[in-house]
Amino acid sequence: MKRPKLKKASKRLSCAKRYKIQKKVREHNKKLRKEAKKKGVRTRVKKDPGVPNSAPFKEEVLREAEQRRLQIEEEKQRKKEAKKEERAQKRKKEKEAESKETEPNAKKARQDEVKNRSEKKMAPDKTSKQYLCSELNKVIDASDVVIEVLDARDPLGCRCPQLEEAVLQREGNKKLLLVLTKIDLVPKENVERWIQCLQLEFPVVAFKASTQIKDRTVQGKKSRIVASNEVLDISRGASCFGSSCLTELLTSLAANTKDETQLKVGVVGFPNVGKSTLINSMKGILACNAGVKRGITKSMQEVHISKSVKLVDSPGVVASPSNPLVSMALRSLQVEEGQDSVLEAVRTLLKQCDKTQIMLQYNVSDFRNSLEFLSLLAKKRGYLQKGGVPNTEQAATAFLADWTGAKLSYHCKAQENRSLPAYMSDVVVAEMQNGWDLQKLKTGNEETLKGVKFPSLASSISFTSKGPTAGVLSVSDISEGKPDAAATRREPDVNDENEPEQTTEEANEAGEPEKPQKSSLKKKPVRVQFQSVPTDTSLSADDAYDFNAFFK
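Nothing here was measured: the structure is a model prediction, and the numbers come from that model.

Rules behind the numbers
Residues numbered from 1 in each chain as written. Predicted model: local features only at pLDDT ≥ 70, side-chain atom pairs only at ≥ 80, totals over all residues. Heavy atoms only, no water. Helix = DSSP H or I, 4+ residues; strand = E, 2+ residues; numbered from the N terminus. Buried < 20%, exposed > 50% of the residue type's maximum accessible area, 1.4 Å probe, protein only. Contact = heavy atoms within 4.5 Å. Areas by Shrake-Rupley, 256 points an atom, 1.4 Å probe, with all protein chains shown as cover. Polar contact = N/O pair within 3.5 Å; in protein donor to acceptor, adjacent residues only side chain to side chain. Pairing = 2+ DSSP bridges. Phe/Tyr/Trp six-rings, centres within 6.5 Å; stacked < 30°, edge-to-face > 60°.

Caption draft 1: Up close: the overall build of the protein. Scanning the protein for helices and strands turns up 20 helices and 10 strands. Looking at the 552 residues of the protein, the share that counts as buried comes to 34%. For the protein, the proportion of contacts with a sequence separation of at least 24, taken over those separated by at least 6, is 76%. Surface exposure of the protein reaches about 37400 Å², of which carbon and sulfur atoms provide 51%.

Right under this line is the structure:
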């Protein structure tokens, strides 16, 4: 590697090189003069010879020339003074105009500032829970049919009893339809059991959305290329199943209604279950923003599917703080809001899974607790900090993205002998089934299950569901909702006795008195501390040096 220069290079030259450059310059200038002489170009200005001595009246001619020169100089001085006075007057007028306009401008600026402040106060905060609840209620009120989107990996945990009860109690005989998304991440047998279980209450549509939906312009260019080359994208991510079945069901229901207006279909559910992706797959273009990050959709959005059907996208249902920790880690936005750390969320999820299946899925060795698992995962994926220390927070964020996004395969057992909830009855079930073409629905689900490529039961992680997740639909429920003591109690981790230290929360849960000076709302990041090993510096009688010894 070349050593960098510490200072600028010197411009000094050797005498031979300098003389050579000067000689070249002289020769070049000489050549240019010769060429100009050949062309007849004269660069030198002829000097005025003046009035010859032999000329008559020489003194008078010189006097007239001097007077003419003085007149020209006086004229230039007069023009210069006139321009100076003109600039001074212009500056004076501008100052007077500014002094006159200062007071109205100041008043206008103050009025604009007050107006902006009032607009800011009036504008709603789109991240607040009150705004999200109001938008969700708007979607329910404006919809004729409400589609509740359920993640096939945990359908029971994605159901919100408060939402279903609110839909059934609204006026207008609203229909409720369940859609199972992300079925390609669940074993086929598990999907079939869940469809049979959920059909006892509401009609169920199996759906596998496309994860490669692009903008309209990109799709137009791609369609022209496909038409010319006759090549179709049949990859696993681009394919969509269940869209035609769902579209036909909604179109037939719209045809059976007597109203000539469009059938409004509201798409609701918890964050990151696939509401916006379902709409994009049915539309065929990127109509709604969708991503792994939870809570992207903040307000209602209408998307026209056909002349008779219009879908309405909605923000995610706000989870009640009284839910168990597992439901809060998967369905709420507590990690994004800063109410819970990603390390605690990963700890909670790992308790509900089999350790052997986690080891096989992520290809890591045996671990004793969640912190050791995150360290192994960070080393495997290259999430390292300075000094080679594993970045456990980055590994925890990636782990949560796998669980909430459409990547990791896990499944929950279906409850076949589950009784109807309190807000449901046989009459309500019959009313919800009425109006739908159930034979067409059954045929469409069978075609979807035949076309989708499902993972094997051995490669999927078995997950323990905590049941339906309670949601919040009004502002009063938000203020009254408090975390349940039994739900927020920390359960023992995997081989928790091997933890190196006991945290303050664990000490409090064990019954020890809490120390106020050490308690904090936010946990400090874990830092690696190296402790020095004490060494014995005292010398024994044999090792001591005798300075009185004499060596010859």
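Still more to cover.
Caption draft 2: How the structure looks around the side chain of Gln433. Relative to the assigned elements, Gln433 resides in helix H16 (residues 426-433). The exposure class assigned to Gln433 is buried, which follows from its relative accessible area of 17%. A distance of 3.2 Å separates the side chain of Gln433 from the backbone oxygen of Gln199, its partner in a polar contact. Among residues more than four places away in sequence, those in contact with Gln433 are Gln199, Glu201, Phe202, Pro203 and Leu438.

Caption draft 3: Here's a closer look at the pairing of strand E4 (residues 263-268). By the criterion of burial, E4 is predominantly enclosed, with five of the six residues buried. Across four bridges, strand E1 (residues 145-151) lies against E4 in parallel orientation. Residue pairing for E4: Val145 is matched across the bridge by Val265. Of the strand pairs in this sheet, E4 and strand E6 (residues 309-313) are connected by five bridges, and their pairing is parallel.

Caption draft 4: Highlighting the packing of aromatic side chains. Scanning the model with the defined rule gives eight aromatic pairs in all. Between Phe367 and Phe373, the aromatic rings sit 5.1 Å apart at their centres with planes inclined by 50°, giving tilted as the arrangement. Comparing Phe367 with Phe373, the two get one shared label, buried. Relative to Trp403, the ring of Phe399 lies with its centre 5.7 Å away and its plane at 45°, an arrangement referred to as tilted. Placement of the pair is Phe399 and Trp403 together in helix H15 (residues 392-404), with a separation of four residues, close to one helical turn. The same class applies to Phe399 and to Trp403, which are both buried. Three or more aromatic residues joined by ring pairs make a cluster, and in this case those are Tyr362, Phe367, Phe373, Phe399, Trp403, Tyr410 and Phe463.

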